[in-house]
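# Examination of the molecular architecture
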Amino acid sequence: MAREDRFPAWEAALLAGVAAVFAAGLVCVYISMPHSDYSFLKLPRNLQDLKVLTDHLEDYTSDYTVQVLVGYCAVYIFMQTFMIPGTIFMSLLAGALFGQLGGLALVVFAATAGASSCYFLSKLVGKPLVFSLWPDKLMFFQKQVAKRREKLLNYMLFLRVTPTLPNTFINFASPIVDVPYHIFFLATAIGLIPAAYVTVRLDSFHFLNPRLESL
């Protein structure tokens, strides 16, 4: 597999266009919320940020459930699509706001949608970036996929539930090494459930949301 270093301008423009669509969606959610001080709205980078965000969003979740859900999904999918770290805190937030079952369903949906968005974006424009960021991992992944083609779903499930390869890399590299989307989708939707379940049940929720003490 020859290494490709070029990143054409049209691909950069497409990436910018996708980011603009997500940004427009978030703006629509923002203007549909009641007038208030939204200085607390920022991507959580630690548990203290997460607690502040949770405390404020609890006041809106019951009355503006649709807006909160749409905003949450847009942010999570955006982060997954563009490989922005911090989705673990978004998963914690889902459990704190919507409980164990609701949080689990929300995280699995958003994570699968975000991984799928990353998959298709990579299919269009990702090859130069994958070659640049992970040349060795890409060679390993390609060989494993070729060797396990007949039982590829099993292998992809194994990757999702183990730390063999980072999920970010799997999302971005799968179309490059010809993993069919239906296999990618099934492995993602099923394989992410255990990690999502553990995340929404973390004891740290007890100080983020006292109502979860009884769960």
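Residues numbered from 1 in each chain as written. Predicted model: local features only at pLDDT ≥ 70, side-chain atom pairs only at ≥ 80, totals over all residues. Heavy atoms only, no water.

### Considering the overall build of the protein
What the protein contains, in helices and strands, is 11 helices and 0 strands. Listing every helix and strand of the protein by position from the N terminus yields α-α-α-α-α-α-α-α-α-α-α. For the protein, the proportion of its 215 residues judged to be buried stands at 44%. For the protein, long-range pairs separated by at least 24 residues make up 78% of all intrachain contacts whose partners lie at least 6 apart in sequence. Surface summary for the protein: the accessible area is close to 11200 Å², and the carbon and sulfur share equals 64%. (Helix = DSSP H or I, 4+ residues; strand = E, 2+ residues; numbered from the N terminus. Buried < 20%, exposed > 50% of the residue type's maximum accessible area, 1.4 Å probe, protein only. Contact = heavy atoms within 4.5 Å. Areas by Shrake-Rupley, 256 points an atom, 1.4 Å probe, with all protein chains shown as cover.)

### Some details on the side chain of Thr81
Tracing the chain through its elements places Thr81 in helix H3 (residues 65-81). Here Ser117 takes part through its side chain, which lies 2.8 Å from a polar atom of the side chain of Thr81. (Polar contact = N/O pair within 3.5 Å; in protein donor to acceptor, adjacent residues only side chain to side chain.)

### A closer look at the pattern of salt bridges
Pairing is possible between side chains that carry opposite charge, provided their charged atoms lie close to one another. Enumeration according to the criterion identifies 1 salt bridge in this entry. The partner of Lys51 in a salt bridge is Asp55, and the shortest N-O contact between them spans 3.2 Å. Of this pair, Lys51 and Asp55 both sit in helix H2 (residues 47-61), 4 residues apart, roughly one helical turn. A residue is classified by how much of its surface remains accessible, and Lys51, at 26% relative accessible area, is partly exposed. (Salt bridge = Lys/Arg side-chain N within 4 Å of Asp/Glu carboxyl O.)

### Here we look at the nonpolar core
Tyr72, Tyr76, Met90, Leu93 and Val107 are the most contacted members of the largest nonpolar core, which totals 27 residues. Mapped by element, the contributors of at least two residues to this core are H2, H3, helix H4 (87-125) and helix H10 (193-200). Among the elements that make up this core, the one with the highest residue count is H4 (12 residues). Tyr76 has contacts with Thr87, Met90, Ser91, Val107, Ala110 and Ala111, leaving out every residue within four places of it along the chain. In terms of nonpolar packing, the next biggest core, distinct from the first, is built from 24 residues, Ala115, Met156, Ile176 and Val179 among them. (Core = buried A, V, L, I, M, F, W, Y, C linked by side-chain atoms within 4.5 Å.)

### So, H4
In this model H4 runs just 23 Å from its N-terminal to its C-terminal C-alpha over 39 residues, more than 12% under the 57 Å that 1.5 Å per residue would give. Taking the largest bend as the criterion, H4 deviates by roughly 130°, centred on Gly99. Burial analysis of H4 places 28 of its 39 residues in the buried class, which makes it a mostly covered element. (Expected span 1.5 Å × (residues − 1). Bend = angle between axes of the 7 residues up to and from the residue.)

### Observations concerning the side chain of Thr199
Here Thr199 shows up in helix H10. Given a relative accessible area of 10%, Thr199 falls into the buried group.

### Here's the deal with a nonpolar patch on the surface
A grouping of Phe185, Leu186 and Ile190 is seen on the molecular surface, where their side chains present a nonpolar patch of about 260 Å² in accessible area. Tracing the chain through its elements places Phe185 in helix H9 (residues 181-191). For Phe185, a relative accessible area of 36% gives the class partly exposed. (Patch = residues over 30% accessible without salt bridge, like charges linked within 9 Å, V, L, I, M, F, W, Y side chains within 5 Å.)

### Side note on the UniProt feature "transmembrane region" (unreviewed entry) in the protein
The feature "transmembrane region" (unreviewed entry), as annotated in UniProt, sits at residues 12-33, 69-94, 101-122 and 181-200 in this numbering. Between the end C-alpha atoms of residues 69-94 the distance is 9 Å, and the span holds 81% helix and 0% strand. Each end of residues 181-200 is marked by a C-alpha atom, and these two atoms are 27 Å apart; helix forms 95% of the span and strand 0%. (UniProt positions renumbered as here; feature names shortened; annotations may be inferred.)

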